[in-house]
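Spelled out, the chains give:
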Amino acid sequence: MSSHKHPLGTVAELGEEAVGGLSKALSGELILPDHSEYNDARDVWNGLVNRYPAVVVRATGGQDVATAVSFAREHGLDLSVRGGAHQQAGDAVVDNGLVVDLSECDEITVDPERQVATVGPGNRAEDVLAETQEYGLAMPTGSAGCVGIPGTTLNGGVGWIRRKHGLSVDALRSMEVVTADGSLVEASPDTNTDLFWAMRGGDGNFGVVTNFEFDLYEVGPVVGALNVFYPADIVDEVLRTYRDFAADAPEELTTIVNYGEIPAIPPMPDHLHGEEAVGLIGCYTGDPEEGMETVAPLREVGDPLIDASDVMPYEALHEVGTLMHP
Ligand SMILES: Cc1cc2nc3c(=O)[nH]c(=O)nc-3n(C[C@H](O)[C@H](O)[C@H](O)COP(=O)(O)OP(=O)(O)OC[C@H]3O[C@@H](n4cnc5c(N)ncnc54)[C@H](O)[C@@H]3O)c2cc1C
């Protein structure tokens, strides 16, 4: 435990009356250190982060979040906000403080006519794609399906359609936000404009988002995917070819260059695991066959170790991202 104080000690200091009052005021669950789900509620993606909050509020919506924020402020507790719990630093949990766990706020609505989605902060990229791809639509998300929508959006959100449609934060139309004084407000280009400006890139520092509204774009459900790995000893040639190609590449194509060891995951052949390689990975959001023609020069630099480039479901690209970072 990284803190010297036991979280049950903090609960005792808060007193039964205060803790009981908080529990009654919530429609969601209050999870204390002796609760059977406590360890799940404080779990984050980075297994090196092991923090012990005093109180976890599993919020069901904006009202619960407002109650939790006010309780933390009134009782001098540190507050953290747990969205998808995927941030590497593990800021979603805090020792001896109050965690607002948003995992139950997972509603998604899609309006295919207006090309707009409302997304609760308990969703991950893969959850939103599953709903929007039914209509051949997508919002910009992170490139791995497993990352949470809230943290990713409030910090930018770099993914597979960024050259054509920008980052997650660029598609943001409005947010429902709980501010430090416990007010539940809207932030948009027309309402609370300063807050809307600050939240976009401000992580959780200016409020807790309890609902997002995003623009959707026509993407998929099938895309042209580039996925080619060359031996490390031709890296100079690969990078020169890539540099010249990228200068005139169409906006429909988003690419990443990846240098490192081939990961030991199922799509990669066993005999290549751990071998140093340079990878060119990308997604073409226009016509998939046109996409495969566009990326052809990047598949002909030398003899590839692996070339899994193909037409594939847009959702499958995000599954690869998840596999790379289990
Ligand atoms: C395996 C892996 C792959 C990744 N791939 C990408 C990628 O392709 N593109 C990309 O852009 N990033 C990527 N990231 C980075 C990731 O998007 C960020 O770390 C992001 O913050 C995670 O979002 P989350 O909701 O899961 O965050 P959490 O860990 O829950 O929270 C992260 C931060 O956001 C705050 N926060 C969470 N929810 C809210 C809310 N509702 N209101 C206010 N503040 C909130 C938290 O308090 C915390 O400070 C990746 C990370 C990992 C570990």
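Our structure is the block above this text.
Read on for a plain summary of the structure. Note that the structure is predicted; figures quoted are calculated from it, not measured. (Residues numbered from 1 in each chain as written. Predicted model: local features only at pLDDT ≥ 70, side-chain atom pairs only at ≥ 80, totals over all residues. Heavy atoms only, no water.)

In this section: unusual backbone geometry. With an omega dihedral of 5°, the bond running from Gly 220 to Pro 221 counts as a cis peptide bond. With respect to the helices and strands, the residue Pro 221 is situated in the loop between β11 (217–218) and β12 (222–231). You will see that Asp 203, though not glycine, has its phi angle at about 55°, which is positive. Its location among the elements puts Asp 203 in the loop between α8 (193–199) and β10 (208–215). With relative accessibility at 27%, the residue Asp 203 sits in the partly exposed group. (Helix = DSSP H or I, 4+ residues; strand = E, 2+ residues; numbered from the N terminus. Buried < 20%, exposed > 50% of the residue type's maximum accessible area, 1.4 Å probe, protein only.)

Right, let's talk about the sheet that holds strand β1 (residues 29–31) for a bit. The four strands are arranged β1-β2-β4-β3 in an open sheet whose pairing can be described as mixed. Both outer strands of the open sheet, β1 and β3 (79–82), are each paired with one neighbouring strand and no more. Neighbouring strand axes in the sheet, compared pairwise and without regard to direction, differ in orientation by 20° on average. Sheet analysis places β1 next to strand β2 (residues 55–58), joined by three bridges and oriented antiparallel. Each residue of the ladder has a partner; that of Leu 30, found in β2, is Val 57. (Pairing = 2+ DSSP bridges. Axes fitted to C-alpha atoms, helices over the stretch in contact; angles between N-to-C directions.)

Moving on, we get to the nonpolar core. With 25 residues, the main nonpolar core has Leu 30, Val 55, Val 57, Val 65 and Leu 98 as its most contacted residues. Sorting elements by how many residues they give to this core places helix α4 (residues 62–74) first, with six residues. Look past the residues within four positions of Val 65 in its chain and what remains in contact with it is Ala 59, Val 100, Leu 102, Val 178, Val 208 and Thr 210. Core analysis: the next-biggest nonpolar cluster, separate from the first, contains 21 residues, Ala 117, Ile 149, Ala 187 and Phe 214 among them. (Core = buried A, V, L, I, M, F, W, Y, C linked by side-chain atoms within 4.5 Å. Contact = heavy atoms within 4.5 Å.)

The next subject is the pairing of strand β9 (residues 184–187). When strand β8 (residues 172–178) meets β9, the two strands line up antiparallel, connected through four bridges. If you follow Glu 176 over to β9, its bridge partner there is Glu 186. The antiparallel pairing of β8 with β9 creates a hairpin that spans five residues between the two strands, and Gly 182 there sits at a positive phi of about 85°.

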